[in-house]
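Chain residues, written in single-letter form:
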Amino acid sequence: MQQSFRNLYKADDIFQCSHRLHKHSEKGTSVWHILKEKDCYPEGCISFDWKCRKFDQRRKCPRKKKHVGRDCFSCQFFYEEKYIFQPELLVTSVEFDHFRQRLADFEEWVDELQNRPIEVRGKIASVLPLLAGRQGARGLTLSCRGILLYFKEGIFRYDRFRDPFYARLSFNAYDRIQVSVDDEIDFTARLQIDRGRFLFIRVGSVEIVRPGDGEPIPAREIRQAKFTGSFIDGQPGKCLRCVYGMLIDDTTADGRSRPRRFLYCTRGVADYRFCPYRE
């Protein structure tokens, strides 16, 4: 019997966190962030901000650095600020107990899907560049490492998944399979949970079940998104749900436990409040 699942890792109606990284959130903070990444409920968590007195005064670093990093610890101008955050529960204790049971069932299903190739079906909603960021002398620079196919929902084996997911392709694979927006495709792949996102890797056996009306976007045009897009302050829910919005990891090794993640608009809209595109 076919089952239906939502991505409970991305549920944003269970917790709320006051951390500045969530200041643009239209609802709450994701279950993945609270229970998996930070594991901060109910005890809370401690956050440290690395600071520079020179930067605070809008002056240049004597070591010619552009941002505060791990190798700044010995500098006389370095200091850090400590913050304590306590997630707030947005539901009653009874409702939370019910949610924990649903989450346990969901994670059991995820465990069954992982670590093996599975059959996936979905309709391509957008074709995006796979971008990664790295801090350098000129700030954050982007590199394009492949293609991301974005789906709004799909079928994993026999079960329906009613939330967005992604499939990662190399440029060679993308040029070979020749898929486009609105194509409904079947493929086999391995599931990877990427900080709460459902990401399929090692994609193979791609078959177009129902072709759309569009033409494949040349890979060279997709590569140009790293020059034409814009970073967005915070992570507004509207942009996270948009086919043109994507999260980019800052892969700079600066001693942080997790890389920072930035929201990027491939259409170049810097202020989400004035975005002309619908979700």
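Let me sum up the structure you'll find in this document. (Residues numbered from 1 in each chain as written. Predicted model: local features only at pLDDT ≥ 70, side-chain atom pairs only at ≥ 80, totals over all residues. Heavy atoms only, no water.)

Let us look at the overall build of the chain. Each helix and strand counted, the chain has seven helices and 14 strands in total. A compact globule built from 279 residues should have a C-alpha radius of gyration of about 19 Å, and the chain, at 21 Å, falls within 12% of that. Reported as C-alpha extents along the three principal axes, the dimensions of the chain are approximately 60 × 50 × 35 Å. The buried share of the chain, reckoned over its 279 residues, is 43%. Here the contacts in the chain between residues at least 6 apart in sequence split such that 66% fall between residues at least 24 apart. Of the accessible surface of the chain, which amounts to about 16300 Å², a share of 45% is contributed by carbon and sulfur atoms. Within the chain, the 39 negative side-chain charges are centred at a point lying 9 Å from the centre of the 50 positive side-chain charges. (Helix = DSSP H or I, 4+ residues; strand = E, 2+ residues; numbered from the N terminus. Rg over C-alpha atoms; globule rule 2.2 N^0.38 Å. Buried < 20%, exposed > 50% of the residue type's maximum accessible area, 1.4 Å probe, protein only. Contact = heavy atoms within 4.5 Å. Areas by Shrake-Rupley, 256 points an atom, 1.4 Å probe, with all protein chains shown as cover. Lys, Arg positive; Asp, Glu negative; His and termini not counted. Charge placed at Lys NZ, Arg CZ, Asp CG, Glu CD.)

Before going further, it helps to examine the pattern of salt bridges. The final tally for this structure, using the stated rule, is 10 salt bridges. The closest approach of N and O atoms between Glu112 and Arg157, which form a salt bridge, is 3.6 Å. Of this pair, Glu112 sits in helix α3 (residues 93-113) while Arg157 sits in the loop between β7 (139-156) and β8 (159-161), and the two are 45 residues apart along the sequence. Of the residues examined, Glu112 reaches a relative accessible area of 35% and is grouped as partly exposed. Classification of Arg157 by relative accessible area gives partly exposed; the value is 30%. Note that Arg210 and Glu184 form a salt bridge whose closest N and O atoms lie 2.8 Å from each other. Of this pair, Arg210 sits in strand β11 (residues 197-210) while Glu184 sits in strand β10 (residues 184-194), placing them 26 residues apart in sequence. (Salt bridge = Lys/Arg side-chain N within 4 Å of Asp/Glu carboxyl O.)

For the rest of this paragraph, the subject is the nonpolar core. Membership of the largest hydrophobic core comes to 60 residues, with the highest contact counts inside it found for Leu149, Phe156, Phe198 and Phe200. Counting residues per element, this core draws most heavily on β7, which supplies eight residues. Beyond its immediate stretch of four places on either side in the chain, Phe200 contacts Ile118, Val120, Phe156, Phe165, Tyr166, Ala167, Arg168, Phe187, Ala189, Arg190 and Leu191. Residues Ile232, Leu263, Cys265 and Val269 belong to the second largest nonpolar core, which totals eight residues. (Core = buried A, V, L, I, M, F, W, Y, C linked by side-chain atoms within 4.5 Å.)

Our focus in this paragraph is the side chain of Asp194. Considering the arrangement of structural elements, one finds Asp194 in strand β10. Here Arg197 takes part through its side chain, which lies 2.6 Å from a polar atom of the side chain of Asp194. Filtering out sequence-adjacent residues up to four positions away, Asp194 remains in contact with Leu199 and Arg261. (Polar contact = N/O pair within 3.5 Å; in protein donor to acceptor, adjacent residues only side chain to side chain.)

Right, let's get into the sheet that holds strand β12 (residues 230-232). With antiparallel pairing, three strands are arranged side by side in an open sheet as β12-β14-β13. Both outer strands of the open sheet, β12 and β13 (245-249), are each paired with one neighbouring strand and no more. Geometrically, the sheet is characterised by an average inter-axis angle of 45 degrees between neighbouring strands, direction not taken into account. (Pairing = 2+ DSSP bridges. Axes fitted to C-alpha atoms, helices over the stretch in contact; angles between N-to-C directions.)

On to the environment of Leu35, then. Looking at where Leu35 falls in the secondary structure, it is placed in helix α1 (residues 31-37). Each C-alpha atom, one on Leu35 and one on Tyr9, is 8.8 Å from the other, the two residues being 26 residues apart in sequence.

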